[in-house]
Amino acid sequence: MMSPDESADGLPAAPPVPVPEGWTAERDGGTLTLITPDTCFWTFTAIPGGPDPADAVDSAVAGLRDEYEDFESEPLPAPPLVEGESGLDTAFFCLDSTVAARVRAFRDAGVTYVLFYQGVDREIEERRRELEALSRRAVRAVTGSSLTEMAGPGSDESGASSAPFKLPR
């Protein structure tokens, strides 16, 4: 019998997060992807026995760097969502648009979790609070952390980071 914490293929299930109105959800094994009506998407992937969080971030960024020219990245300006988190903000050009992406990874109970969201920079800025709220909820679901524990300096009462999603120059 499958545990409620596992997907049909035995991988840890991505945590339940509310699907914002107008977005669509797709689940593939240990990955949950939420897609906005515009260009943004958010993914949460569980990798049992996965790599060190920094290596997971490096791997995600290497894939983007191989795919796109004029690629830049920088450390996250926002405080980490969980202890031991690794992450980067990235920017690159695709079809005459600047695209922004944020990747975070952490490990809990032998599973590496990767949070990733991407979209045209203007739309990322419009949806940043929503995307970060989804990320906080996902972290809370797998770690049991409370929202107030994750809302550190630079966050408002909802836990939303006030740090801007800076694009590398």
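Just above sits the structure.
Definitions and limits used
- Residues numbered from 1 in each chain as written.
- Predicted model: local features only at pLDDT ≥ 70, side-chain atom pairs only at ≥ 80, totals over all residues.
- Heavy atoms only, no water.
- Helix = DSSP H or I, 4+ residues; strand = E, 2+ residues; numbered from the N terminus.
- Buried < 20%, exposed > 50% of the residue type's maximum accessible area, 1.4 Å probe, protein only.
- Contact = heavy atoms within 4.5 Å.
- Core = buried A, V, L, I, M, F, W, Y, C linked by side-chain atoms within 4.5 Å.
- Pairing = 2+ DSSP bridges.
- Polar contact = N/O pair within 3.5 Å; in protein donor to acceptor, adjacent residues only side chain to side chain.
- Axes fitted to C-alpha atoms, helices over the stretch in contact; angles between N-to-C directions.

Remarks on the overall build of the protein chain
- Helix and strand counts for the protein chain stand at three helices and seven strands.
- Going from N to C terminus, the protein chain has its helices and strands arranged as β-β-β-α-β-β-β-β-α-α.
- When burial is assessed residue by residue, the protein chain has 47% of its 169 residues classed as buried.
- Put simply, of all contacts in the protein chain between residues at least 6 apart along the chain, 52% involve residues at least 24 apart.

Points about the nonpolar core
- The biggest cluster of nonpolar side chains holds 22 residues, and the ones touching the most others in it are Val17, Leu34, Trp42, Phe44, Phe106, Tyr113 and Leu115.
- Those elements that provide at least two residues to this core are strand 2 (31-35), strand 3 (41-48), strand 6 (97-108), strand 7 (111-120) and helix 2 (121-143).
- If one sorts the elements of this core by residue count, helix 2 sits on top with six residues.
- Not counting residues up to four positions away in its chain, the partners in contact with Val17 are Leu32, Leu34, Trp42, Leu134, Arg137 and Ala138.
- Ranked by size, the runner-up nonpolar core spans 13 residues in total, among them Phe71, Val103, Ala105 and Val114.

A look at the pairing of strand 2
- Counting buried residues along strand 2, four of its five residues qualify, which places the element largely inside the surrounding structure.
- The sheet contact formed by strand 1 (residues 24-28) and strand 2 spans five bridges and is antiparallel. Bridge pairing in strand 2 places Glu26 opposite Thr33.
- Linking two consecutive strands that pair antiparallel, namely strand 1 and strand 2, is a turn of two residues; a positive phi of about 60° is found at Gly29 within it.

Here's the deal with the side chain of Ser86
- Tracing the chain through its elements places Ser86 in strand 5 (residues 86-94).
- The class for Ser86 is buried, based on a relative accessible area of 19%.

Some thoughts on the environment of Thr39
- Among the structural elements, Thr39 can be located in the loop between strand 2 and strand 3.
- For Thr39, a relative accessible area of 38% gives the class partly exposed.
- Placed 80 residues apart in sequence, Thr39 and Gly119 show a C-alpha to C-alpha distance of 5.1 Å.
- Excluding residues that lie within four positions of it along the chain, Thr39 makes contacts with Gln118, Gly119, Val120 and Glu123.
- Here the side chain of Thr39 touches Val120 through a polar contact of 3.0 Å, landing on its backbone nitrogen.
- Of note is the side chain of Thr39, whose polar atom sits 2.3 Å from the side chain of Glu123.

Concerning the sheet that holds strand 3
- One open sheet accounts for seven strands, arranged 1-2-3-7-6-5-4; its pairing is antiparallel. Every other strand in the sheet has two partners, leaving strand 1 and strand 4 (72-75) as the edge strands with one partner each. Ignoring which end each strand starts from, the neighbouring axes of this sheet average 15° apart.
- Packing against the sheet, helix 1 (residues 53-67) makes contact with strand 4, strand 5, strand 6 and strand 7, and its axis sits at approximately 160° to strand 6.
- Contacts from helix 2 reach strand 2, strand 3, strand 6 and strand 7 within the one sheet, and its direction differs from that of strand 7 by about 165°.

Geometric descriptors of this kind do not, in isolation, establish any biological role.
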